[in-house]
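Secondary and tertiary structure notes
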Amino acid sequence: MYEKYLTDVSYGDNLLGFLMDIEIHLESSGIFENVKVTSSEDVNCLINASCTFSKNHSQSEVENHLIKLWKNKLRYQEFEKHRFELESNKVVLYFCTVSSGLGVTGKIIAKCA
């Protein structure tokens, strides 16, 4: 999906740092619980994150919170693309961001607990 935007992909410590940033920001958000973040070798989805949110939050609130995290804390400033999918009791953020030629792709799946 986002492979066309990548010249090279983040790996090693660079990818680990991005993974840790996602984990920290989701865990400290006050909305998300049961946060799990893993990496893969799939260029179109280097990072897979999942979390849950309580029924007290609407999908719209979750989407808005994820977009704020993405735009203000997670993405690289040089380049980014993202899109959302809203499904029954689930919000999925697909993303791609690039800095100095190195890119990160992935998704964050937030499910209603």
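Attention in this report is confined to the structure presented alongside it. Since we're looking at a predicted model, the values are computed, not measured. (Residues numbered from 1 in each chain as written. Predicted model: local features only at pLDDT ≥ 70, side-chain atom pairs only at ≥ 80, totals over all residues. Heavy atoms only, no water.)

With that settled, the discussion passes to the nonpolar core. Grouped together as the largest cluster of nonpolar side chains are 34 residues, with contacts concentrated most on Ile 22, Leu 26, Phe 32, Ile 47, Leu 66, Phe 95 and Ile 108. Elements that contribute at least two residues to this core include exactly α1 (12-27), β2 (32-39), β3 (47-53), α2 (59-74), β5 (90-99) and β6 (102-112). With seven residues, the top contributor of residues to this core is β5. With residues up to four places along the chain from it excluded, the contact list for Ile 47 reads Leu 15, Phe 18, Leu 19, Ile 22, Val 37, Thr 38, Phe 95, Val 104, Thr 105, Gly 106 and Lys 107. (Core = buried A, V, L, I, M, F, W, Y, C linked by side-chain atoms within 4.5 Å. Buried < 20%, exposed > 50% of the residue type's maximum accessible area, 1.4 Å probe, protein only. Helix = DSSP H or I, 4+ residues; strand = E, 2+ residues; numbered from the N terminus. Contact = heavy atoms within 4.5 Å.)

It is worth spelling out α1 at this point. The end-to-end C-alpha distance of α1 is 23 Å, a good match for the 22 Å that 16 residues give at a rise of 1.5 Å each. All of the buried residues in α1 are Leu 15, Phe 18, Leu 19, Ile 22, His 25 and Leu 26. Buried residues in α1, looked at end-on, bunch into an arc of 135°, giving them a common side. (Expected span 1.5 Å × (residues − 1). Arc of directions from axis to C-beta.)

Across all of its chains, the model carries three salt bridges by this definition. When the shortest N-O distance is used, the salt bridge between Arg 75 and Glu 80 registers 4.0 Å. (Salt bridge = Lys/Arg side-chain N within 4 Å of Asp/Glu carboxyl O.)

A few words on the packing of aromatic side chains. Per the stated rule, a full pass over the model turns up four aromatic pairs. Taking 5.4 Å as the distance between ring centres and 70° as the angle between the ring planes, the aromatic pair formed by Phe 18 and Tyr 76 counts as edge-to-face. Taken together, the positions of Phe 18 in helix α1 and Tyr 76 in the loop between α2 and β4 (79-87) put the pair 58 residues apart, joining distant regions of the chain. With a centroid separation of 6.1 Å and 35° between ring planes, the pair formed by Phe 18 and Phe 95 is classed as tilted. Placement of the pair is Phe 18 in helix α1 and Phe 95 in strand β5, with a sequence separation of 77 residues. Note on Phe 95: relative accessible area 0%, which makes it buried. Each residue in the set Phe 18, Trp 70, Tyr 76 and Phe 95 is aromatic and connected to the rest through ring pairs, giving one cluster. Across the ring face of Tyr 94, the terminal group of Arg 83 is positioned such that the distance to the ring centre comes to 4.3 Å. (Phe/Tyr/Trp six-rings, centres within 6.5 Å; stacked < 30°, edge-to-face > 60°. Lys NZ or Arg CZ within 6 Å of the ring centre and 35° of its normal.)

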